[in-house]
Amino acid sequence: MATNEVLTTIKKRRSVRSFKEDPITDEELQTVLEAGFYAPSAGNQQLWHFTVIQDKQLLERLNVSAKAGAAQIDNEHIQQIAKNEKFNIFYGAPTVVLVSGKEDGLVIEADCAAATQNILLAAESIGLGSCWINLTLFAFSGEQGKQYKQQLGVPAGYKPFSSVALGYKKIEAVNAPVRKENVINYVK
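Caption draft 1: Examining the sheet that holds strand 4 (residues 158-167) more closely. Spatially, 1-2-4-3 is the arrangement adopted by the 4 strands of the open sheet, whose pairing is antiparallel. In this open sheet, the two strands that pair with only one neighbour each are strand 1 (48-53) and strand 3 (129-133). Between one strand axis and the next, the sheet turns by 25 degrees as a mean value, whatever way the strands run. Of the strand pairs in this sheet, strand 2 (residues 95-102) and strand 4 are connected by 8 bridges, and their pairing is antiparallel. For L98, the partnering residue across the bridge sits in strand 4 and is S163.

Caption draft 2: Region of the structure containing the packing of helix 1 (residues 5-12) against helix 5 (residues 108-125). With their axes 9 Å apart at the nearest point, helix 1 and helix 5 run at an angle of 100 degrees to one another. Taken together, the axes of helix 1 and helix 5 are roughly perpendicular relative to one another. Of helix 5, the residues touching helix 1 (which contributes T9, I10 and K12) are L121, E124 and S125. Residue classes in the contact of helix 1 with helix 5 are distributed as 2 nonpolar, 2 polar and 2 charged.

Caption draft 3: Looking closely at unusual backbone geometry. Of note in this structure, Q46 is not a glycine but carries a positive phi near 55 degrees. For Q46, the location among the structural elements is in the loop between helix 2 (26-37) and strand 1. Phi at N182 takes a positive value of approximately 55 degrees, unusual for a residue other than glycine. For N182, a relative accessible area of 78% gives the class exposed.

Caption draft 4: Region of the structure containing the packing of helix 3 (residues 56-70) against helix 6 (residues 142-152). For the pair helix 3 and helix 6, the least separation of the axes is 12 Å and the interaxial angle reads 155 degrees. One element, helix 3, and the other, helix 6, form an angle in the roughly antiparallel class. Considering how the two elements wind past one another, helix 3 and helix 6 form a crossing that is left-handed. Counted together, L58, R61, L62 and S65 of helix 3 and Q144, Y148, Q151 and L152 of helix 6 form the full contact between these two elements. Grouping the constituent residues of the contact of helix 3 with helix 6 by class yields 4 nonpolar, 3 polar and 1 charged.

Caption draft 5: Here's a closer look at the environment of V164. Its location among the elements puts V164 in strand 4. When its relative accessible area of 0% is taken as the criterion, V164 is described as buried. With 15 residues separating them in the primary sequence, V164 and K149 have C-alpha atoms 17 Å apart. Excluding anything up to four places from it in sequence, V164 contacts T95, V96, V97, T116, I119, L120, S130 and C131.

Caption draft 6: Seen up close, the nonpolar core. V32, F50, L62 and V97 are the most contacted members of the largest nonpolar core, which has 49 residues in total. Ranked by residues supplied to this core, first place goes to helix 5 with 7 residues. Non-local contacts of L62, meaning those with residues more than four positions away in its chain, are made with I53, I89, F90, A139, F140 and Y148.

Caption draft 7: Highlighting the pairing of strand 2. Burial of strand 2 is extensive: 7 of the 8 residues sit out of reach of the surface. One ladder, built from 6 bridges, connects strand 1 with strand 2; its direction is antiparallel. The partner of F50 across the bridge, within strand 2, is V99.

Caption draft 8: Looking closely at the pattern of salt bridges. For the structure on display, the rule yields 4 salt bridges. Between K12 and E124 there is a salt bridge whose closest N-O contact spans 3.7 Å. Taken together, the positions of K12 in helix 1 and E124 in helix 5 put the pair 112 residues apart, joining distant regions of the chain. Note that E124 and K169 form a salt bridge whose closest N and O atoms lie 3.2 Å from each other.

Analysis parameters
- Residues numbered from 1 in each chain as written.
- Predicted model: local features only at pLDDT ≥ 70, side-chain atom pairs only at ≥ 80, totals over all residues.
- Heavy atoms only, no water.
- Pairing = 2+ DSSP bridges.
- Helix = DSSP H or I, 4+ residues; strand = E, 2+ residues; numbered from the N terminus.
- Axes fitted to C-alpha atoms, helices over the stretch in contact; angles between N-to-C directions.
- Parallel < 35°, antiparallel > 145°, perpendicular 65-115°, else oblique.
- Contact = heavy atoms within 4.5 Å.
- Nonpolar A, V, L, I, M, F, W, Y, C, P; charged D, E, K, R; others polar.
- Buried < 20%, exposed > 50% of the residue type's maximum accessible area, 1.4 Å probe, protein only.
- Left-handed = near helix turned anticlockwise from the far one by under 90°.
- Core = buried A, V, L, I, M, F, W, Y, C linked by side-chain atoms within 4.5 Å.
- Salt bridge = Lys/Arg side-chain N within 4 Å of Asp/Glu carboxyl O.

Written out as structure tokens, the structure reads:
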């Protein structure tokens, strides 16, 4: 099969769940954010917003709030994770990027997912670890969620769709699991 730097990065990228405490550089941060800006969007609307969170105390409050919200949903697996006092949804990453989108944007959830994936791939391409975190979204329900959105500068009419934990990898990621077979149909 054909290969190049992009394909190699796609195949190499793994979710990292063990980060060093050292902060990433501003240059590294700008590189991954710019990759997010270049994601495709429906009608080229680009109706996303990125919030960079590096305040440790705020990340811990979001962790606690997200776990409290997750503990309330009807999913045994999520409840078990949420009730683990030692579990940190950000895995100790020094930087988290919250990806929000304009609520009335055309297929905005897909646009934000594309931006999130670009951030993940860019992080891998420059040697950073990353992990797509959706548990964060549980922190944004109810009145507390409104306060977080205001504190984080999420624009009015926007809502969080995902977040990415970023940092230096404590350990190199493992090899990719074997890919499932028989997932393609060809119609020629």
